[in-house]
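# An overview of the molecular structure
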Amino acid sequence: MELRHLEYFLACCDQGTFTAAARSLNVVQSAVSTGVARLERELGERLFDRTPTVLVLTDAGRAVVGPARAALRARADVFDAIAGVRGEISGEVAVGALVNIVSIDLAEALAELHRRHPGITIAMRQNPRGTSGNIVGIRAGTLDLAFLGAYPEHVPGIAVYRLAAEPLVLVCSPDHHLAQAGSFATADLTEERVIDYPPGWGTRAVVDQEVPVRRTVIEVADQFFGMSLAVKGFGVTLVPLGVAREQSGVPIVPCSDKQLVWEISIAHSSTRTPSRAARAVLDSVLELARPAAVGK
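Every chain is numbered on its own, with residues counted from 1 as its sequence reads. Only residues with pLDDT of at least 70 get local features here, since the model is predicted, and only at 80 or more are side-chain atom pairs given and counted; chain-wide, interface and lining totals rely on the full set of residues. In computing side-chain values, all of the structure's heavy atoms are included and hydrogens and water are not.

## Section: the overall build of the protein
Secondary structure elements follow DSSP: runs of H or I of four or more residues count as helices, runs of E of two or more count as strands, with numbering from the N terminus. The secondary structure content of the protein amounts to eleven helices and eleven strands. Along the first, second and third principal axes, the C-alpha atoms of the protein reach 70 × 50 × 30 Å. In this analysis, two residues are considered to be in contact whenever any of their non-hydrogen atoms come within 4.5 Å of each other. Intrachain contacts of the protein at a sequence separation of at least 6 include 70% that bridge at least 24 residues. For the accessible areas, the method is Shrake-Rupley and the probe is 1.4 Å, while residue cover comes only from the protein chains on display. Carbon and sulfur atoms form 52% of the exposed surface of the protein, whose accessible area is close to 14600 Å². Positive and negative charge centroids in the protein, built from 29 and 32 side chains respectively, lie 4 Å apart. In this tally, Asp and Glu contribute negative charge and Lys and Arg positive charge; neither His nor the terminal groups of the chain are included. Lysine's charge is taken at NZ, arginine's at CZ, aspartate's at CG and glutamate's at CD.

Below, the structure is given as structure tokens:
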């Protein structure tokens, strides 16, 4: 059994098609489809049902995912051990990202990491499910590290390191009555047209908990677009203060009756030892990605 065939199989699991898997691995599509077919012949089972649009895992395919990921992690551990003997820190680190990270100076941390360890490459992965998707990636072993927003400190199977916290604020049109009032209470939002963000996002988790009764009129996956809609009078939206301050000219309205706090953390699996490269990335973020001064 060739490890590259397992790599092709897992890329298909993550990407959903042979073409997308090949693109993610920077190989030709025929290599991926042929490699998966050879793996299926070797195992004597179909791993995917081929539909016109996507690859669907069979029962056999689902059974193979965990052992396949473990095999590739073992390969990475072998290379990491040899690099340690040579005194090197190198390799790729998969990091689950979040949109609009402005609470910390992540760019400075990664730039300094490159100066210290030029052999490390970072693959930033954006999951449409935000924080919840990043947690799934850590547990599945597809992410070495991941940023989390507004999740509890104790998440089973995950080691979490808090980086920064800031309030959620309301953004609305300049002539909105809450902008004129200068503050809002959470009860004020029950009759407002609320611009929400997708389930699984950290900001959404805070709003779901603290403002459970509201009238959502749209969900968008871009906070800057959400603020643009709000300023034009489409509705109101809640975003971290640092994000609001990145958009010039928007009314920023604080909450008067509750602490709507959004936190950002970085995490890794607590059941697997991070590679030397992943540890170096984590240390750089913890040392250098200092909280931005966003106020209260």
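What follows picks up the thread again.
## What to know about the packing of helix 1 (residues 3–15) against helix 4 (residues 59–85)
Packed helices, taken two at a time, are described by the angle between their axes plus the distance between the axes. Axes, fitted as lines to C-alpha atoms, cover a helix only where it is in contact. Angles between the N-to-C directions of the axes lie from 0 to 180 degrees. Orientation of helix 1 relative to helix 4, taken along the N-to-C sense of each, is 125°, at an axis distance of 9 Å. Comparing the axis directions of helix 1 and helix 4 gives the class oblique. In this structure, helix 1 crosses over helix 4, and the sense of that crossing is left-handed. Taking contact as the criterion, the partners of L3, L6, E7, F9, L10, C13 and D14 in helix 1 are, on helix 4, G61, V64, V65, A68, R69, A71, L72 and R75. Every angle not falling under 35 degrees, over 145, or within 65 to 115 is termed oblique; those three ranges are roughly parallel, roughly antiparallel and roughly perpendicular. If you view the pair so one helix is near and one far, a crossing is left-handed when the near helix is turned anticlockwise from the far one by less than a right angle, and right-handed when it is turned clockwise.

## Some points on the side chain of D196
With respect to the helices and strands, D196 occurs in strand 7 (residues 193–196). Under the scheme applied here, a residue whose accessible area is under 20% of the maximum for its type counts as buried, over 50% as exposed, and between as partly exposed, the area being computed with a 1.4 Å probe on protein chains only. Since its relative accessible area comes to 3%, D196 is described here as buried. Side chain to side chain, D196 and T216 meet in a polar contact 2.5 Å long. Every residue in contact with D196, bar those within four places of it in the chain, is listed here: R204, V207, R214, T216, I218, E219 and V220. In protein, a polar contact requires one atom able to donate a hydrogen and another able to accept it; more generally it is a pair of N or O atoms within 3.5 Å, and residues adjacent in sequence count only if both atoms are side-chain atoms.

## Description of the pattern of salt bridges
A carboxyl oxygen of Asp or Glu within 4 Å of a side-chain nitrogen of Lys or Arg is what we treat as a salt bridge. Taken as a whole and assessed by the stated rule, the structure comprises 17 salt bridges. Residues R50 and E40 are paired through a salt bridge, measuring 2.8 Å at the closest nitrogen-oxygen approach. Of this pair, R50 sits in strand 1 (residues 48–50) while E40 sits in helix 3 (residues 29–43), placing them ten residues apart in sequence. Residues R116 and E287 are paired through a salt bridge, measuring 3.0 Å at the closest nitrogen-oxygen approach. Of the two residues, R116 is situated in helix 5 (residues 106–116) and E287 in helix 11 (residues 276–288); the sequence distance between them amounts to 171 residues. A single network of salt bridges, built from pairs that share partners, joins E108, E112, R115, R116 and E287.

## Regarding the packing of aromatic side chains
Each aromatic ring pair is specified by the distance between its two centres and by the angle formed by the two planes. Note on aromatic contacts: the rings of Phe and Tyr and the six-membered ring of Trp form a pair at centre separations within 6.5 Å, being stacked when their planes are under 30 degrees apart, edge-to-face when over 60 apart, and tilted otherwise. This structure, assessed with the given rule, holds two aromatic pairs. Measuring from centroid to centroid gives 5.4 Å for F9 and F48, while their planes differ by 45°, and the two rings are tilted. One end of the pair, F9, is in helix 1; the other, F48, is in strand 1, with 39 residues separating them in the sequence. Take F9 and F48: they sit in the same class, and that class is buried. Considering the side-chain rings of Y197 and W201, the 5.8 Å spacing of their centres and the 10° angle between planes classify their relative orientation as stacked. Judged on exposure class, the residue Y197 and its partner W201 are both buried. Put simply, a charge is over a ring when the Lys NZ or the Arg CZ is close to the ring centre, within 6 Å, and near the line of the ring normal, within 35 degrees. Looking at R193, its charged tip hangs above the ring of F234, at a distance of 4.8 Å from the centre.

## Quick notes on the nonpolar core
Nonpolar side chains tend toward joint burial in soluble globular proteins. In this structure, I104, F147, F184 and V285 are the most contacted members of the largest nonpolar core, which totals 39 residues. Looking at this core, the elements with two or more residues in it are strand 3 (91–97), helix 5, strand 5 (145–149), strand 6 (158–171), helix 8 (202–210), strand 9 (236–240), strand 11 (261–269) and helix 11. The dominant element in this core, judged by the number of residues it contributes, is helix 11, at seven residues. By size, the runner-up hydrophobic cluster in this structure holds 19 residues, among which are L10, L47, F48 and V65. The nonpolar core is taken to be a set of buried Ala, Val, Leu, Ile, Met, Phe, Trp, Tyr and Cys residues, with the residues joined through side-chain atoms within 4.5 Å.

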